[in-house]
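So you can see what is in the structure, the chains are spelled out below.
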Amino acid sequence: MQWRIATSGRGLYPLDGRVASWLRENAALAGWVQVFLPHTSAGLILQENADPDVQRDLLDFLGRLVPDGDPRYRHRNEGPDDMAAHIRTVLTQNSLSIPVRDGVLQLGTWQGLYLIEHRQQAQQRHLWVGFTGHCAQR
């Protein structure tokens, strides 16, 4: 299944609710859900979902670690955040597999699945989602 995810710029966009709904719609019981993001300036992460300060601190840290507009970057075809977004993507992930048991994502108590947008401007992202395992008979 391919989904389109509209972002409004740099930030974290929760995906676990949408994935959980999709698993219910498909009567998934036990197995693995796979998510793949075919982009070089956004990523996927599992991160704290309870305290929004964690997400802000993470974005601030990435900004200090990989600043936009560093004069040492050669690649800047799409603006000052272009190469920084590519580097930040290398530090995150483009695919994840998450176990499913009794139809439920087996995330930790405070874990959430997020698309992390590394570009400052709004983007249209595509996400591939698949499930391998056992489904209830319909």
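Just so you know, these numbers come straight off a predicted model, no measurement behind them.

Colleague: Report on the overall build of the chain, specifying residues and quantitative values.
Modeller: When helices and strands are counted, the chain shows three helices and eight strands. In sequence order, the chain lays out its α and β elements as β-β-α-β-β-α-α-β-β-β-β. Across its three principal axes, the chain shows a C-alpha extent of roughly 55 × 30 × 20 Å. Within the span of the chain, comprising 138 residues, buried residues form 38% of the whole. For the chain, the proportion of contacts with a sequence separation of at least 24, taken over those separated by at least 6, is 81%. Split by element, the accessible area of the chain, about 7,900 Å² in all, is 51% carbon and sulfur. Averaging the positions of the 14 positive and the 14 negative side-chain charges in the chain gives two centres separated by 5 Å.

Colleague: I'd like a description of the sheet that holds strand E4 (residues 42-48), backed by residues and values.
Modeller: Pairing is antiparallel across the open sheet formed by three strands, whose spatial order is E2-E7-E4. Each edge of the open sheet carries a strand with a single partner, namely strand E2 (11-14) and E4. Between one strand and the next, the sheet's axes are offset by a mean angle of 40 degrees, whatever the strand orientation. With seven bridges joining them, E4 and strand E7 (residues 111-117) adopt antiparallel strand pairing. Paired with Ala42 across the strands is Glu117, a residue of E7.

Colleague: Residues and numbers for the environment of Gly63, please.
Modeller: Among the structural elements, Gly63 can be located in helix H2 (residues 52-65). Judged by its relative accessible area of 27%, Gly63 falls in the partly exposed class. Taking C-alpha positions, Gly63 is 8.6 Å from Ala84, a pair spaced 21 residues apart along the chain.

Conventions and cut-offs
- Residues numbered from 1 in each chain as written.
- Predicted model: local features only at pLDDT ≥ 70, side-chain atom pairs only at ≥ 80, totals over all residues.
- Heavy atoms only, no water.
- Helix = DSSP H or I, 4+ residues; strand = E, 2+ residues; numbered from the N terminus.
- Buried < 20%, exposed > 50% of the residue type's maximum accessible area, 1.4 Å probe, protein only.
- Contact = heavy atoms within 4.5 Å.
- Areas by Shrake-Rupley, 256 points an atom, 1.4 Å probe, with all protein chains shown as cover.
- Lys, Arg positive; Asp, Glu negative; His and termini not counted.
- Charge placed at Lys NZ, Arg CZ, Asp CG, Glu CD.
- Pairing = 2+ DSSP bridges.
- Axes fitted to C-alpha atoms, helices over the stretch in contact; angles between N-to-C directions.

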